[in-house]
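This is what each chain is made of:
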Amino acid sequence: MPEGHSIHRYARLHRAMLGGRAVAAWSPQGRFDAGAAAIDGTTLVDVEAQGKHLFYRFAGNASDLNLHVHLGLFGRFRHYDTDAAPPTSGTRLVLAAGQTQVQLAGATACELVDPATETALRARLGPDPLQNEDPSRAFAALRRRTVGIGQALLDQRVIAGIGNVYRAEVLFLAGIHPDRPARDIDRGQFDDLWKTLRRLMTAGERTGRIVTIALADRDRPPSRLRADQRLYVYKRAGQPCRRCGTPIRSWELAARTMYACPRCQPT
DNA sequence: GCTGCATGATGAA
DNA sequence: TCATCCTGCAGCA
């Protein structure tokens, strides 16, 4: 479930599990043999998240390279404190210290990067709602887009860390139709969007799941909501809107499925 | 057991 | 806009 909130959560978890410890590293799949060998035996100093990207810093290796991980759509971590399951054949990387293991499979990116490459990578990202950055840059970027707000929000150069779920949910909460031109969003609406994103994603990082339902629209704490009770529109095509009862619509937008309520989010 | 889809991003055209 | 990377699992037989 790799939207930004999960990535920040992983950074925290991996820091707690392996930070300050010498790690053994290997690549069961074999596609990261050289990289793993360079890390193997070094000490994990820090793990940092920016948007959907993770950066791992190690001390004690000569190369000055950091590990860059991007989970993409398929990437998945498995974590063990004891009794680690044997890694699947597709596991790209295992980081281990004693009984503790972090296993990584299916990632879009698992590579060692030099400082210049990392800087360039990070420079491509817009402000991250989970880092309490000044969102002015994101607003300016939005105003330059010719596409709809729904498409612009998935662009990591505008805001880093949003994925398809937060995109759909935040636009519902703002009452904005995804097809409305991004450049038509005014500063007040944008500040509202940003504030909502920060609130939702902070809660997501804390709890590990995406819950957007407002207090007024639910009858029990988020932890006790079923999976299909946590969201307003995402994956609810054809079902009645929780606010007005109109059937939720879905359609392809920028190669992803978009969801919206036609009544609460007028064009 | 099989199929299709999934909370992502890139590079070629 | 499309193909590609490539894993897991829900839903169905």
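Cut-off values and rules
- Residue positions are given per chain, counted from 1 along the sequence in the order it is written.
- Throughout, the order in which chains and ligands are written sets their labels, letters from A for the former and numbers from 1 for the latter.
- Only residues with pLDDT of at least 70 are given local features in this predicted model, and only at 80 or more are side-chain atom pairs given and counted; all residues enter the totals for whole chains, interfaces and linings.
- Calculation of side-chain values draws on the structure's entire complement of heavy atoms; hydrogens and water are dropped beforehand.
- A run of H or I in DSSP becomes a helix once it reaches four residues, and a run of E becomes a strand once it reaches two; helices and strands are each numbered from the N terminus.
- Strands were regarded as paired on the criterion that DSSP finds at least two bridges between them.
- Only the stretch in contact is used when a helix axis is fitted, and all axes are lines through C-alpha atoms; the angle between N-to-C directions ranges over 0 to 180 degrees.
- It only takes one pair of heavy atoms within 4.5 Å for two residues to be counted as in contact.
- Think of a nonpolar core as a cluster: buried Ala, Val, Leu, Ile, Met, Phe, Trp, Tyr and Cys residues, connected wherever their side-chain atoms sit within 4.5 Å.
- Burial here depends on accessible area, computed with a 1.4 Å probe over protein chains only, as a share of the maximum for the residue type. Under 20% is buried, over 50% is exposed, and the range in between is partly exposed.
- Nearness is defined per residue: one heavy atom within 4 Å of the molecule or strand is enough.
- Polar contacts, as counted here, are pairs of nitrogen or oxygen atoms within 3.5 Å of one another; within protein the pair requires one atom able to donate a hydrogen and one able to accept it, and residues that are adjacent in sequence qualify only if both atoms are side-chain atoms.
- All amino acids are sorted into three groups, where Ala, Val, Leu, Ile, Met, Phe, Trp, Tyr, Cys and Pro are nonpolar, Asp, Glu, Lys and Arg are charged, and the leftover types, Gly among them, are polar.

### Considering the environment of threonine 82
Here threonine 82 is to be found in the loop between β5 (76–80) and β6 (91–97). Along the primary structure threonine 82 and glutamine 101 are separated by 19 residues, whereas in three dimensions their C-alpha atoms are 7.9 Å apart.

### A short note on the sheet that holds strand β3 (residues 53–59)
Overall, antiparallel pairing links the 4 strands, which are arranged β2-β3-β4-β8 in an open sheet. Edge positions in the sheet fall to β2 (43–50) and β8 (109–113), since each has one partner strand and no second. Ignoring strand direction, the axes of neighbouring strands in this sheet form an average angle of 20°. In this sheet, strand β4 (residues 66–70) lies alongside β3 in antiparallel orientation, the contact comprising 4 bridges. Its bridge partner lying in β4, histidine 53 is registered against histidine 70. Packing of helix α1 (residues 4–18) onto the sheet brings it into contact with β2 and β3, and relative to β2 it is tilted by some 170°.

### Details of the nonpolar core
Core analysis: the largest hydrophobic core is formed by 38 residues, its most contacted members being Ile149, Ile159, Leu171 and Phe190. Every element with two or more residues in this core is listed here: α4 (136–144), α5 (149–153), α6 (164–174), α7 (187–207) and β10 (256–260). Isoleucine 149 has contacts with Leu142, Leu171, Ile176, His177, Pro178, Arg180, Pro181, Ala182, Ile185 and Leu193, leaving out every residue within four places of it along the chain. One finds Leu54, Leu67, Val69 and Ala97 within the second-largest nonpolar core, a separate group that totals 27 residues.

### Section: the protein's contact with DNA strand B
In the vicinity of DNA strand B, 19 residues are found, and the nearest of them are Lys52, Phe74, Gly163, Tyr234 and Arg256. Of what DNA strand B places within 4 Å of the protein, 60% of the atoms are sugar or phosphate. The contact in question runs from a base nitrogen of DNA strand B to an N or O atom on the side chain of threonine 108, over 3.3 Å. At the level of elements, α6 and β10 are the ones that each hand at least two residues to the surface near DNA strand B. Grouping the amino acids of the surface near DNA strand B by side-chain chemistry returns 7 nonpolar, 7 polar and 5 charged.

### A few points about unusual backbone geometry
The backbone phi angle of aspartate 83 is positive, close to 45°, even though this residue is not glycine. Position of aspartate 83 among the secondary structure elements: in the loop between β5 and β6. Backbone geometry places alanine 255, a non-glycine residue, at a positive phi of 70°.

### Structural notes on the protein's contact with DNA strand C
Neighbouring DNA strand C are the residues Gln29, Arg31, Phe74, Arg76, Arg78, Gly90 and Gly106. Counting only atoms of DNA strand C within 4 Å of the protein, the sugar-phosphate share comes to 73%. A distance of 3.1 Å separates a phosphate oxygen of DNA strand C from a polar atom in the side chain of arginine 76. Residue arginine 78 places a side-chain N or O atom 2.7 Å away from a phosphate oxygen belonging to DNA strand C. Residues that form the surface near DNA strand C fall into these classes: 1 nonpolar, 3 polar and 3 charged.

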